[in-house]
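Chain by chain, the residues:
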Amino acid sequence: MPRHDHMTAAQKPEHDPLRPEALRRRYERIRGQRGAWEALWQDCYDYSLPARRPGGLSGGLSGGLGGGGNASRVNERLFDATAADAAEQLAATLLAQLTPPWSRWFAFRPGRDVPQENHGAMAGELDRAAELLQAQFDRSNLAVELHQAMLDLVVAGTACLACEEAPLGEASAFRFSAVPLNDLALDESGSGRLDIVFRRQELTLEQLGQRYPVLEQQAWFTTRRQREPDARLGLLDCLLPAPAPQYGYLFATVLEDGALNEDASLLGAGRFEQPPFIAFRWLKAPGEVYGRSPVMKALPDIKTANKVVELVLKNASIAVTGIWQADDDGVLNPANVKLVPGAIIPKAVGSSGLTPLAAPGRFDISQIVLDDLRARIRHALLADRLGQIDAPRMTATEVMERAAEMARQLGATFGRLQSELLTPLVLRSVAILQRRGEIPRFALDGREVALVQQSPLARLQAQGDVQGVLTWLQQLQALGPAALQVVDSVAVARWLGRTPGPPRNCSRCCSNWPVPSRRQARCNERDNDRSDPG
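Residues numbered from 1 in each chain as written. Predicted model: local features only at pLDDT ≥ 70, side-chain atom pairs only at ≥ 80, totals over all residues. Heavy atoms only, no water.

Chemist: Outline empty space enclosed by the protein, listing residues and values.
Modeler: Evaluated as defined, the whole model comprises one cavity of 30 Å³ or more. In this structure, the largest cavity spans a volume of roughly 30 Å³. Taken together, Leu94, Gln97, Leu98, Leu410, Thr413, Phe414, Leu417 and Leu457 make up the lining of the largest cavity. Each residue belonging to the lining of the largest cavity can be placed in one class, and the counts come to six nonpolar, two polar and no charged. (1 Å grid on protein atoms, 1.4 Å probe; cavity = no way out; pocket = protein on both sides within 12 Å on 5 of 7 lines; lining within 4 Å. Points joined across faces, edges and corners; volume = space filled by probe spheres on them. Nonpolar A, V, L, I, M, F, W, Y, C, P; charged D, E, K, R; others polar.)

Okay, here's the thing in structure tokens:
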């Protein structure tokens, strides 16, 4: 449970957005808006990730994979695993390219409003803060839960990661959890972000008493727990942006039972500087709140491939066992016929006996159709472009082209995930560590301190700029020493050190850069004049 200051309903003004009744009405309205997506989500999970299918969604594949049954029944009707394999590969690729475990995928740099002479002093402190934050990430369950959230992102197009502060004494200061899509009701605020989040949970009365000790002082709770010890109650965690001129986010936890008075149903309320729920999308269409996924784009091919494999297997069973016909001669009884080696089947004189029936159709073309469908599925889920390298050796040009192709394919998605996932995740984590006093307080707003992405995908995108500068230097070198006079080598080296890739300890601080003396500069000018061909 996220930490916040408790506030009773009686302490709230009449028109406060955190009043339990207002929150319940808003939740029902937002929950009703997602009804149009549930059947589509059910199809996507049934065909590409049945083990994580949200069983509480309405609709389902009543005519496809068994309706609202459990995952085992769905697997019995699932015949092609191309989509499931490609979806898992894409989720793993996203995790490795955006937030690789045990590797620093971000950095802190002095902001644009910090004077140049103060950069050297700030750089060391910011680098230590980034190392401490990365160490907390490594000791937490971020990689496990974020991979599950990436699976939801690839399949349903929308995912949510909860980032909560762990109790003191645990190995990490963070506790992450991938929130199932079935428990969520999301909406956009005026900023266009998915920062209006409602999460519904069901807890037993015993679990509620342990999590919220204030309930032990209420008569209705103790009476009901004695009468129905195994009863479960619905719980709503509500996150809303604070109205202007306030800042941050408002958070409240209320019981879903509307029969209780507001003081009894409000379990906690408070304010967060950064949101504890981080909702993000793969692709957003104009006018829509929830995202669209690559599985949605390939869903027609996925369904067709599954049906083709089912028909191929049925045709194979007919080819193995065959279809037989017999004359009604009064001697042959089909109920007593057993097609086993050495069997003797009686027939009347002049009767043709048991004869095979030729199949009316041929499935020789099915493999061609199936290969084309599987290729389109893998192409839509980027498995053919982001997969393993097949060639035993690749030249440097091939490596650069492959990296550029990956950056082009994931560029738009990376931009959205950087805005909706990576930056809020770092901001929330920094706020927790600053609250605990483990790192110094600074504003991560780009003015005082800037956040720099150093993930493998960000480095691939930065390689184009680096390659352009190096090509420019080679062209100047070909023109002769006079052309190189326009190059500030110290500034170029400093710029290359700021690009994602080199660790900060590989270069000296700005204040320690060697500055040539005036006499040395005049000597260099005379040497350059002598070597100038003009």
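Chemist: I'd love a proper account of the packing of helix H2 (residues 35–48) against helix H10 (residues 294–321), names of residues and values included.
Modeler: One can describe the packing of H2 onto H10 by two numbers: an axis separation of 10 Å at closest approach and a directional angle of 55°. Judged on the interaxial angle alone, H10 and H2 are oblique. Crossing handedness for the pair H2 and H10: left-handed. Two secondary-structure elements touch here, H2 through Trp37, Leu40, Trp41, Asp43, Cys44, Tyr47 and Ser48 and H10 through Val295, Met296, Leu299, Ile302, Lys303 and Asn306. Here the contact of H2 with H10 is composed, by residue class, of nine nonpolar, two polar and two charged. (Axes fitted to C-alpha atoms, helices over the stretch in contact; angles between N-to-C directions. Helix = DSSP H or I, 4+ residues; strand = E, 2+ residues; numbered from the N terminus. Parallel < 35°, antiparallel > 145°, perpendicular 65-115°, else oblique. Left-handed = near helix turned anticlockwise from the far one by under 90°. Contact = heavy atoms within 4.5 Å.)

Chemist: Break down the sheet that holds strand E3 (residues 174–178) for me, citing the residues and quoting the values.
Modeler: The strand order E3-E2-E9 describes an open sheet built from three strands, whose pairing is antiparallel. What marks the edges here is a single partner per strand, and that holds for E3 and strand E9 (277–281). Neighbour-to-neighbour, the strand axes of this sheet turn through a mean angle of 20°, independent of strand direction. Both strand E2 (residues 158–165) and E3 contribute to a ladder of five bridges, which runs antiparallel. Residue Leu161 lies in a different strand from E3, and its bridge partner there is Ala178. In the packing of helix H6 (residues 142–156) onto the sheet, contacts are made with E2, E3 and E9, and the angle to E2 comes to roughly 160°. (Pairing = 2+ DSSP bridges.)

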